[in-house]
Amino acid sequence: MNNKYALCFITNTLYANGVCVGIYSFLENNKWFDGDIVIIDYGFIDEAARNKMLSMYDKLYFKKADDPRYALIWDRSQKFQEEENKKTDHRSVYAFPYIYKIEAFGLEGYDRVVFFDSDLLVFDDVRYLFDNDYDFAVCRDLWGDNYTMPEAWRRPGDLINSGVMSIKSPSKVLFDEVMNEAINFEKDDIYMGLCYEQDSICKFFDKKTVRLLSFEYNFPQVLFIYRDNLKVTTQKIVHYYGPFKPWKQADDRANYINSFYRDTLKRVNEKANKDFVDIFYIATGPYVSYFEMFVLSIENFMPEFKKRIHVITDQPERFEGYNLEGVVIDVHVQTDLPYPIIPLCKNYFIQNGITDEMVNVFYFDADTIFLEKWPAYWDWFMECLNTGKMLFANHPKNYFHPYEIDEASQAYIPKENFSTSVISSFYGGKATAMLDFCKESCSLIKNDLTTHEENGQRHYIPPLFDQDYANKYVNMKSGEKCIVRYFTYIDWFSDENDEQHSLEKFIQQKYDISRKFEKKNMK
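Residues numbered from 1 in each chain as written. Predicted model: local features only at pLDDT ≥ 70, side-chain atom pairs only at ≥ 80, totals over all residues. Heavy atoms only, no water.

Re the sheet that holds strand E17 (residues 481–484)
To be explicit about the condition: Two strands pair under a simple rule: DSSP has to find at least two bridges between them. Helical segments are the DSSP runs of H or I of at least four residues, strand segments are the runs of E of at least two, and each set is numbered from the N terminus. Working convention: axes come from line fits to C-alpha atoms, limited for helices to the stretch in contact. Angles between N-to-C directions cover 0 to 180 degrees. It only takes one pair of heavy atoms within 4.5 Å for two residues to be counted as in contact.
If you trace the seven strands from one edge of the open sheet to the other, you get E13-E12-E11-E14-E16-E15-E17, paired in mixed fashion. Sheet topology places strand E13 (327–333) and E17 at the edges, where each strand pairs with a single neighbour. Strand-to-strand twist of the sheet, defined as the mean angle between neighbouring strand axes without regard to direction, takes the value 25°. Note that strand E11 (residues 276–283) and strand E12 (residues 306–313) share eight bridges and pair parallel. The partner of Ile 279 across the bridge, within E12, is Ile 309. Against the sheet, helix H13 (residues 466–476) makes contact with strand E15 (390–394), strand E16 (422–430) and E17, and its axis sits at roughly 55° relative to E16, the strand it touches most.

Below, the structure is given as structure tokens:
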């Protein structure tokens with residue numbers, strides 16, 4: 001196929017994930033595609049959503065929908081709605097944001113444009129949508145097969161579903177013609193009343209030659225719900241229109257078909273966030289003073305990655321004013337957290353803060369600074385990270401043995417099971433591994449916090465708090481963790497047995513970061 005073609009969507013921030021799923025599944029099943037992807041922006045796409053869509057494809061562009069005639073359509077649809085609301089069995093006359101679909105008819109410079117709604121999933125090759133000779137190709141709507149449409153609402157001809165449209169040679173002339181049809185649309189012309197843009201497009205093409213495509217190109221998700229044992233077989237595109245959105249899960253009967261969407265969204269998030277690392281950082285009281293040196297040295301941690309720092313603090317004003325390249329600081333206010341509640345509860349904060357967007361997640365103590373590591377170290381570190389296991393740092397001295405010997409605590413480690421000590425100032429890994437660790441740790445802590453002297457049980461919190469629970473996980477979970485050696489230095493542990501080179505390098509880098517901190521404050 002040598003023609004110039006494009007795939008087109010409209011969206012807002014709420015449906016940006018849907019667009020990403022549509023793009024990802026389309027490209028996954030249509031390796032031949034090298035055209036443009038155009039996103040119609042009608043003014044409600046935030047920066048994060050925009051960047052996520054841009055990460056899906058190199059030749060992705062945004063086009064503003066700013067034709068002043070949309071205001072006329074808005075006024076007209078509002079008038080229709082006011083009239084409908086006076087009726088007992090009134091219908092909803094939706095015009096926005098769906099009416100912006102007609103922008104696809106005006107994308108000049110392409111031999112063919114295919115429009116997708118932002119709530120569909122591509123299962124197969126759809127080259128035919130781009131490589132046909134019809135002026136306009138579209139699928140019939142579910143209601144067009146007269147499933148439940150009231151007799152009074154039926155009109156001659158076929159109803160279309162504008163979720164998938166194939167448009168030959170879009171132009172300003174064609175756009176103006178469709179726009180004028182929408183502006184002059186009469187309420188009696190509304191076939192279903194649910195989709196203003198769909199009905200106006202249908203009316204425009206009603207007297208023209210239209211190729212009605214097979215349902216395979218725009219298969220309604222609801223049929224998987226209402227038809228027993230229906231499976232994905234020959235369907236090329238599944239359209240999730242109606243109330244059973246995969247991100248809402250309104251009905252258990254939708255589990256089967258919605259699982260395909262969720263699996264694809266997971267891969268979308270991995271692709272969009274593969275260059276990011278999310279870091280949880282808790283700093284309250286005097287510990288907020290450490291953040292300057294932490295954030296100024298963070299470029300030394302996983303240096304090829306962009307950083308998102310999720311700060312939990314009682315002093316949010318202390319984290320304002322930073323503008324560092326490749327670093328986003330997200331502040332969450334939390335008050336009344338006295339020690340030792342903070343170390344005991346930090347995994348609750350992390351567990352509640354992990355989202356589906358995150359891929360690589362780590363925690364660091366507030367008083368951490370990052371030293372430079374040689375490139376080969378990070379190659380090895382990434383090998384560890386990509387195992388999918390939790391990463392912990394061995395304790396620099398490894399001489400707390402065993403961490404917890406009191407059987408009354410959930411952190412108890414039998415002596416025969418103890419093999420290594422880790423430090424809880426750092427841990428992390430893939431988001432799924434981090435979430436599993438936090439859930440298990442929180443469960444142990446909850447038991448110790450709520451178990452009292454009843455039936456011979458005692459309420460017992462181990463002396464090293466969260467670190468004891470981390471060691472319980474490490475020593476009792478064979479094969480589910482990876483120990484990152486030589487990752488952590490503790491300056492108050494340095495003695496004559498330390499490797500002199502490592503100690504000198506540590507002191508020099510700490511001095512360099514301090515100077516960087518001083519220069520920033522002098523500006």
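From this point, the discussion proceeds with the structure in view.
Digging into the packing of aromatic side chains
Rules: Here the aromatic set is Phe, Tyr and Trp, taking the six-membered ring for Trp, and pairing holds for ring centres within 6.5 Å; pairs whose planes are under 30 degrees apart are stacked, those over 60 apart are edge-to-face, and all others are tilted. Relative accessibility decides the category of a residue: with a 1.4 Å probe and only protein chains considered, values under 20% of the type maximum give buried, values over 50% give exposed, and everything between is partly exposed.
A complete count under the given rule lists 51 aromatic pairs for this structure. Residues Phe 301 and Phe 381 carry aromatic rings whose centres are separated by 6.0 Å and whose planes lie at 85° to one another, so their mutual orientation is edge-to-face. Taken together, the residues Phe 301 in the loop between helix H9 (291–297) and E12 and Phe 381 in helix H11 (residues 375–385) connect sequence positions 80 residues apart. Under the relative-accessibility criterion, Phe 301 is labelled buried at 1%. Residue Phe 381 is classed as buried on the basis of its relative accessible area of 0%.

A look at the nonpolar core
The tendency in soluble globular proteins is for nonpolar side chains to be buried side by side. The test is simple: Note on terminology: a nonpolar core comprises buried Ala, Val, Leu, Ile, Met, Phe, Trp, Tyr and Cys residues joined through side-chain atoms within 4.5 Å.
If you look at the biggest cluster of nonpolar residues, it comprises 52 residues, and the most contacted ones within it are Phe 33, Phe 116 and Leu 129. Element by element, the count of residues in this core is highest for helix H1 (residues 16–29), at eight residues. Those residues within four positions of Phe 116 in sequence are excluded, and the remaining contacts are Leu 7, Cys 8, Phe 9, Phe 26, Val 122, Leu 129, Gly 163, Val 164 and Ile 237. If you look at the next biggest cluster of nonpolar residues, it comprises 34 residues, including Met 302, Phe 319, Phe 364 and Tyr 377.

Quick notes on the sheet that holds strand E6 (residues 136–140)
With respect to topology, seven strands assemble into an open sheet ordered E3-E2-E1-E4-E7-E6-E8, the strand pairing being mixed. Strands at the two margins of the open sheet, each flanked by one partner only, are strand E3 (60–64) and strand E8 (211–213). Each strand of the sheet is rotated relative to its neighbour by a mean of 25°, with strand direction disregarded. In the sheet, strand E1 (residues 5–11) pairs with strand E4 (residues 112–116) via four bridges, with the strands oriented parallel.

Description of the pairing of E6
Burial runs high along E6: four of the five residues are buried. As judged from the three bridges shared by E6 and E8, these two strands associate in the parallel manner. Bridge pairing in E8 links Val 138 to Leu 212.

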